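Survey of secondary and tertiary structure
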There are 2 protein chains.
Amino acid sequence: MKKKRKSSGIIIIGNEVLSGKTLDTNSNFMCKELFKIGISCEEINSIKDDEKTIIDKINIFKSKFDYVFTSGGIGPTHDDITSLSIAKALNQKLILNSEAKLRISKHYSDDILTEARLKMAFMPENAILIDNPVSVAPGFYVENIYVFPGVPEILQVMFKDFVISLDEGYRYFKRTISTHLSEGIIGDYIARTQKKYENIEIGSYPYFKKNSFGVSLVLKGENEIEVKNVCDEIFEYIKIQNGNPQLF
Amino acid sequence: MKKKRKSSGIIIIGNEVLSGKTLDTNSNFMCKELFKIGISCEEINSIKDDEKTIIDKINIFKSKFDYVFTSGGIGPTHDDITSLSIAKALNQKLILNSEAKLRISKHYSDDILTEARLKMAFMPENAILIDNPVSVAPGFYVENIYVFPGVPEILQVMFKDFVISLDEGYRYFKRTISTHLSEGIIGDYIARTQKKYENIEIGSYPYFKKNSFGVSLVLKGENEIEVKNVCDEIFEYIKIQNGNPQLF
């Protein structure tokens, strides 16, 4: 039986994103992976490494979405305050998670198990670990909040691996048509078509390449045949307009 | 005289970002440009092309920050609803802006001035235009909300050009030290140093390259000499630890 699509929100935590030093690619990676298993991402929010800001945002997101994913701020340094802030948001104690400590201890020999590294084993008391095959220090989840690191090379492996477990069998279908006709030319037609088929979501995305431009139209819907039919209809229209439609 | 640093928030509008289809690079570009003129970006929020969502977010951001910048949703198609939503959020009428219409009409000959293209000249009644040297159709600002398109090639030119006019002479100073020592090794020392110098913000950013890793430490502050002194102190410490510090 098809289930209702679950919603999610992503919180990116880190001053480096807001100063422009770092281009956030983590949210895009997570959105793609969520899309694959049919979880909808409703909102992405990049915020500072600031305790009150994190607490407020966690509280808003946890009641707004089925799943909340965070990235950043669980490393070993003084500006890594995500775990503490989440514990406070949920009125839980921040405790040394013994399983996390064990994994980190095994990874580092005694003389380099610094206080800073041990910091990564402190989590809200009800945290359940998320495996980290890259650099060992685990992420965790607690209530509906799923906590991942900020380093893309680590996040990507952990997220891809973990998110599969959330797959609840929901699927939708997608088709993409591109044309060299501009939005200004086909916009009116597309608007009429969108009105006609309310179950299909038609997105219109202009592109600019070297010496050429055009539009990609993305059709999404829960009914495969309906998506195909509307796609065929738009394809034919663009063809008649000499728009050289391409299907993806 | 040095002025107080102004705050800003960025709203990225578009389903394509939330589905993972498009990697948002606009907010990163805007953050960098804002950073250069000393306007702080406090929050980035990516949201759907949904009227109620846009209205709510505009109302929250406009009272929270000195400047609100939006990107996306001002093109010619049915899913471009940013201008209408902002007008509604501010209780203003959406009207045909005669100057915007003139510019768009000049650019397109009569036979291709479609209804879809004309749509781009509809703006909140008190809107003031922001020039678009790339594709003519202007952005606008109204109250403290600055509205830009979503296509990066257009946004970048418009934003860079416009944002200079907001420069109010605030400056801060930044230094970066990198080392091959890991956060786990230097984290305790950096935490102590951060505590000692409260006027300086020390960010710690691990990096992973092919066959190597390490940390970049970014120091920021309003007093150039203080930033330099703290930087020198950390540099010396890393040198003694054989961490091969590099200054940027």
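Because the structure is a prediction, the values reported are computed rather than measured. (Residues numbered from 1 in each chain as written. Chains lettered and ligands numbered in written order. Predicted model: local features only at pLDDT ≥ 70, side-chain atom pairs only at ≥ 80, totals over all residues. Heavy atoms only, no water.)

**Points about the relation of the copies chain A and chain B**
Basically, it comes down to this: The copies are overlaid by a least-squares fit using only the C-alpha atoms of residues whose pLDDT is at least 70 in both copies. A contact between two residues is defined here by any heavy atoms of the two lying within 4.5 Å.
Turning chain A through 180° and shifting it by 0.0 Å along the axis lays it on chain B, with an RMSD of 0.1 Å. In the structure described here, the two chain copies are related by an operation that fits a two-fold rotation axis. Within chain A, Asn45(A) has its C-alpha nearest the rotation axis, a separation of 2.2 Å. Take the interface residues of chain A: 100% of them recur as interface residues in chain B, which is what a same-surface contact looks like.

**A word on helix α8 (residues 183-196) of chain A**
Residue and element names in this part refer to chain A. To keep it simple, the criterion reads: Secondary structure elements are taken from DSSP: a helix is a run of H or I of four residues or more, a strand is a run of E of two residues or more, and numbering for both begins at the N terminus. In this scheme, a helix's expected span is set at 1.5 Å multiplied by one less than its residue total. Each residue is assigned a bend, namely the angle between axes fitted to the seven residues that terminate at it and the seven residues that start at it. The classification of residues rests on relative accessible area computed with a 1.4 Å probe and restricted to protein chains. Under 20% of the type maximum is buried, over 50% is exposed, and intermediate values are partly exposed.
Over its 14 residues, α8 extends 19 Å from the first C-alpha to the last, a length consistent with the 20 Å expected when each residue adds 1.5 Å. Taking the largest bend as the criterion, α8 deviates by roughly 30°, centred on Tyr189. Taken together, the buried positions of α8 are occupied by Glu183, Gly184, Ile186, Gly187, Tyr189, Ile190, Thr193 and Gln194.

**Details of the environment of Thr25(A)**
Residue placement: Thr25(A) occurs in the loop between α1 (15-18) and α2 (26-36). Separated by 52 residues in sequence, Thr25(A) and Thr77(A) place their C-alpha atoms 22 Å apart. If sequence neighbours within four positions are ignored, Thr25(A) has contacts with Pro152(A) and Leu23(B).

**Observations concerning the domain arrangement of chain A**
It is common to give the size of an interface as the accessible area that goes away when the parts come together. Short version of the rule: The split of the chain into domains comes from an automatic or database domain assignment.
What the domain assignment lists for chain A is domain 1 (7-166) and domain 2 (173-247). Computed over C-alpha atoms, the centres of domain 1 of chain A and domain 2 of chain A are 38 Å apart.

**A short note on the nonpolar core**
Our working rule: Buried Ala, Val, Leu, Ile, Met, Phe, Trp, Tyr and Cys residues form a nonpolar core when they are joined through side-chain atoms within 4.5 Å.
Within the largest apolar cluster, 50 residues are counted, with the highest numbers of intra-cluster contacts made by Phe69(A) and Phe69(B). In contact with Phe69(A), not counting residues within four places along its chain, are Ser8(A), Gly9(A), Ile10(A), Ile11(A), Met30(A), Leu34(A), Tyr146(A), Phe148(A), Phe159(A) and Leu166(A).

**Some thoughts on the packing of aromatic side chains**
All names here are of chain B. What counts is decided by this rule: When the centres of two rings from Phe, Tyr and Trp lie within 6.5 Å, Trp using its six-membered ring, the rings pair. Their planes under 30 degrees apart give stacked, over 60 give edge-to-face, and anything left gives tilted.
Summed over all chains, the structure comprises 22 aromatic pairs over all chains. For the pair Tyr141 and Phe162, a centre-to-centre distance of 5.7 Å together with 45° between the ring planes defines the contact as tilted. In this pair, Tyr141 is assigned in strand β7 (residues 139-142) and Phe162 in helix α7 (residues 152-163), connecting sequence segments 21 residues apart. Residue Phe162 is classed as buried on the basis of its relative accessible area, which comes to 14%.

**A look at the interface of chain A and chain B**
As a reminder, the rule being used: By buried area we mean the combined loss of accessible area, with a 1.4 Å probe, across both parts when two parts are placed together. Criterion for a salt bridge: a side-chain nitrogen of Lys or Arg within 4 Å of a carboxyl oxygen of Asp or Glu. Here a polar contact means two N or O atoms within 3.5 Å. Within protein one must be a hydrogen donor candidate and the other an acceptor candidate, and residues neighboring in sequence count only if both atoms are side-chain atoms. In this classification, Asp, Glu, Lys and Arg are treated as charged, Ala, Val, Leu, Ile, Met, Phe, Trp, Tyr, Cys and Pro as nonpolar, and every other residue, Gly included, as polar. Note on pairing: two strands pair once DSSP finds at least 2 bridges between them.
In this assembly, 58 residues from chain A lie in contact with 58 residues from chain B. When chain A packs against chain B, the two sides together hide about 4,400 Å² of surface, and 57% of this comes from carbon and sulfur. Summed over the shared surface of chain A and chain B, the number is 4 salt bridges. The closest approach of N and O atoms between Glu43(A) and Lys57(B), which form a salt bridge, is 2.8 Å. Where chain A meets chain B, there are 26 residue pairs in polar contact (both at pLDDT 80 or more). For the side of chain A that touches chain B, the per-class residue count stands at 21 nonpolar, 19 polar and 18 charged. With 3 bridges connecting them, strand β2 (residues 40-47) of chain A and strand β2 (residues 40-47) of chain B associate as antiparallel partners. Bridge pairing in β2(B) links Asn45(A) to Asn45(B).

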